[in-house]
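Coordinate analysis (summary)
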Amino acid sequence: MCTFYFSILLSLKKALLHKITMSVSFPVLLCLVLATTNAKICPTLRSAAKFTVVAASSVSNAGSTIINGNVAMSPSISLTGFNPPGVIYGVKQLGNAVAQKAQKDLTSAYNYLKSAPLTAQMTGVDLAGKTLGPGIYKFDSTAAIETPAGILTLSGAGIYIFQVGSALKTSGNSQIQTINGANAACVFWQVGSSATLGQNSIFVGNLLAYASVKFAYGIRLTGSVYARTAAISFNTNTIIGQQNCSVC
């Protein structure tokens, strides 16, 4: 008898849940899925977070670049084009145990970001003109703000992860804007090869490239820039380091 009544109650529960689900709009359900997925992801840079710039083979500069933050490099110690003409307002750790640890933690963060479960497939999509909320956006190959002077808007507090299978490229005069609580420290770009940022563009977030990062003239980056296995080259740029992401 108890089994009979339990079966009836279970059937009523399923019917009620189905009715509630059908009454909720798709956008609301999508937001709930994104929020749930996003809540489980909490990237950490560990000791690498102390550095605005981390590279492997070299950090070079042409022009009056300003780096507001610390710089680490391992295994190389090749730092050129600073003091003068570029200026580093921070500590330099070159080829020592501190820099080695930053590279190790960078690798761990890179792998964590790469394996995070996606919330949207973006392969082949030009990021210019898009407004995105917190989430994990995957590009199987390249990713780009392709349209000249294109604007990518990140809206809302939370974690943003961009998983890029190969290269990342931004166009000249392009911008990444943060609104409604979006924070540069909580934006992560995991790039499978190299990143090339266009002239006079504005970039936001923690840029973790497997290989190299090349800055064209006049770029302003708010966040950090990391090259796991190769070099970072600057050209009259402004790099503004950020505090750790506070969402987690």
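Nothing here was measured: the structure is a model prediction, and the numbers come from that model.

Re the overall build of the chain
- The helix and strand inventory of the chain stands at three helices and 21 strands.
- By the burial criterion, 44% of the 248 residues in the chain qualify as buried.
- Summarising the internal contacts of the chain: among those between residues at least 6 apart in sequence, 51% fall at separations of at least 24.
- A total of about 11800 Å² of accessible surface is found on the chain, and carbon and sulfur atoms cover 60% of it.

Considering the pairing of strand β15 (residues 187–191)
- Burial of β15 is extensive: five of the five residues sit out of reach of the surface.
- In the sheet, strand β12 (residues 160–164) pairs with β15 via five bridges, with the strands oriented parallel. Across the sheet, Gln-163 pairs through a bridge with Gln-190, a residue of β15.
- For β15 and strand β17 (residues 202–209), the ladder comprises four bridges, and the chain directions are parallel. Bridged to Phe-188 within β17 is Asn-206.

Topic: the layout of surface pockets
- Estimates place the volume of the largest pocket at around 340 Å³.
- Along the wall of the largest pocket there are 21 residues; nearest its centre are Leu-45, Ala-49, Gln-243, Asn-244 and Cys-245.
- Considering each element in turn, the lining of the largest pocket owes the most residues, three residues, to strand β19 (residues 220–227).
- Tallied by class, residues from the lining of the largest pocket come to ten nonpolar, nine polar and two charged.

Description of the state of the cysteines
- Following the criterion strictly, the structure yields one disulfide and no others.
- The disulfide bridge from Cys-186 ends at Cys-245, spanning 2.0 Å between sulfur atoms. Because the sign of the S-S torsion sets the handedness, a value of about 100° for the bond joining Cys-186 and Cys-245 places this disulfide among the right-handed ones. Taken together, the residues span a long stretch of sequence, with Cys-186 in the loop between β14 (175–179) and β15 and Cys-245 in the segment after β21 (238–240) at a distance of 59 residues.

Notes on the confidence of the model for the chain
- Scored by pLDDT, the chain comes out at a mean of 88, with 84% of its residues at no less than 70.
- Confidence over residues 1–39 falls short of pLDDT 50; this stretch has ten contacts with residues more than four positions distant or in other chains.

Parameters at a glance
- Residues numbered from 1 in each chain as written.
- Predicted model: local features only at pLDDT ≥ 70, side-chain atom pairs only at ≥ 80, totals over all residues.
- Heavy atoms only, no water.
- Helix = DSSP H or I, 4+ residues; strand = E, 2+ residues; numbered from the N terminus.
- Buried < 20%, exposed > 50% of the residue type's maximum accessible area, 1.4 Å probe, protein only.
- Contact = heavy atoms within 4.5 Å.
- Areas by Shrake-Rupley, 256 points an atom, 1.4 Å probe, with all protein chains shown as cover.
- Pairing = 2+ DSSP bridges.
- 1 Å grid on protein atoms, 1.4 Å probe; cavity = no way out; pocket = protein on both sides within 12 Å on 5 of 7 lines; lining within 4 Å.
- Points joined across faces, edges and corners; volume = space filled by probe spheres on them.
- Nonpolar A, V, L, I, M, F, W, Y, C, P; charged D, E, K, R; others polar.
- Disulfide = S-S within 2.5 Å.
- pLDDT = per-residue confidence, 0-100.

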